[in-house]
Amino acid sequence: MIIKELTLENFCCYYGNNTFAFDSGLNMVLGHNGDGKTTVITALKWIFDPLFAVKQEDLVSAKKFVDTISGDSFN
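Residues numbered from 1 in each chain as written. Predicted model: local features only at pLDDT ≥ 70, side-chain atom pairs only at ≥ 80, totals over all residues. Heavy atoms only, no water.

**Considerations on a nonpolar patch on the surface**
Then, in step 1: A surface patch of nonpolar side chains, about 630 Å² in accessible area, is lined by M1, I3, W46, I47, F48 and V54.
Then, in step 2: If you trace the backbone, M1 turns up in the segment before β1 (5–11). (Patch = residues over 30% accessible without salt bridge, like charges linked within 9 Å, V, L, I, M, F, W, Y side chains within 5 Å. Areas by Shrake-Rupley, 256 points an atom, 1.4 Å probe, with all protein chains shown as cover. Salt bridge = Lys/Arg side-chain N within 4 Å of Asp/Glu carboxyl O. Helix = DSSP H or I, 4+ residues; strand = E, 2+ residues; numbered from the N terminus.)

Here you go:
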């Protein structure tokens, strides 16, 4: 399987829509500590590993969670 693009919406530390485009060949994820490099890998693991156990509240951006009014729903 070839992954060409990954879009994260309010996922973990990513607020709003964030799209990562991958080129053919080797791709590297670079960034400072806390920038969300592991989050990209976590998203891929969550998509492809049906046994990956994680709580839904751990997957939602903390900023989006705070911005959501009690009783509202979001993706």
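Picking up where we left off.
**A word on unusual backbone geometry**
Then, in step 1: Phi is positive for N10, close to 50°, though the residue is something other than glycine.
Then, in step 2: Given a relative accessible area of 7%, N10 falls into the buried group.
Then, in step 3: Phi at C12 takes a positive value of approximately 50°, unusual for a residue other than glycine.
Then, in step 4: Position of C12 among the secondary structure elements: in the loop between β1 and β2 (14–21).
Then, in step 5: For C12, a relative accessible area of 18% puts it in the buried group. (Buried < 20%, exposed > 50% of the residue type's maximum accessible area, 1.4 Å probe, protein only.)

**Comments concerning the pattern of salt bridges**
Then, in step 1: This structure, assessed with the given rule, holds one salt bridge.
Then, in step 2: The closest approach of N and O atoms between D49 and K45, which form a salt bridge, is 3.1 Å.
Then, in step 3: The class of K45 is partly exposed, set by a relative accessible area of 38%.

**Side note on the side chain of N10**
Then, in step 1: Note that N10 resides in strand β1.
Then, in step 2: Among the polar contacts listed, one links the side chain of N10 to the backbone nitrogen of G16, at a separation of 2.8 Å. (Polar contact = N/O pair within 3.5 Å; in protein donor to acceptor, adjacent residues only side chain to side chain.)

**Quick word on the nonpolar core**
Then, in step 1: In terms of nonpolar packing, the biggest core is built from eight residues, these being L6, L8, F11, C12, Y14, F22, V40 and A43.
Then, in step 2: Examining the composition of this core, we find that three residues originate from one element, β1, more than from any other. (Core = buried A, V, L, I, M, F, W, Y, C linked by side-chain atoms within 4.5 Å.)

**Regarding the pairing of β1**
Then, in step 1: Pairing between β1 and β2: six bridges, direction antiparallel. Bridged to F11 within β2 is Y14.
Then, in step 2: Connecting β1 to the next strand, β2, in antiparallel fashion are two residues, including C12 with a positive phi near 50°. (Pairing = 2+ DSSP bridges.)

**Focus on the environment of V40**
Then, in step 1: By secondary structure assignment, the location of V40 is in helix α1 (residues 37–48).
Then, in step 2: Its relative accessible area of 1% is what places V40 among the buried residues.
Then, in step 3: When the C-alpha positions of V40 and V29 are compared, they lie 8.4 Å apart, and in sequence the two are 11 residues distant.
Then, in step 4: Each residue touching V40, except ones within four places of it in the same chain, is listed here: L6, Y14 and F20. (Contact = heavy atoms within 4.5 Å.)

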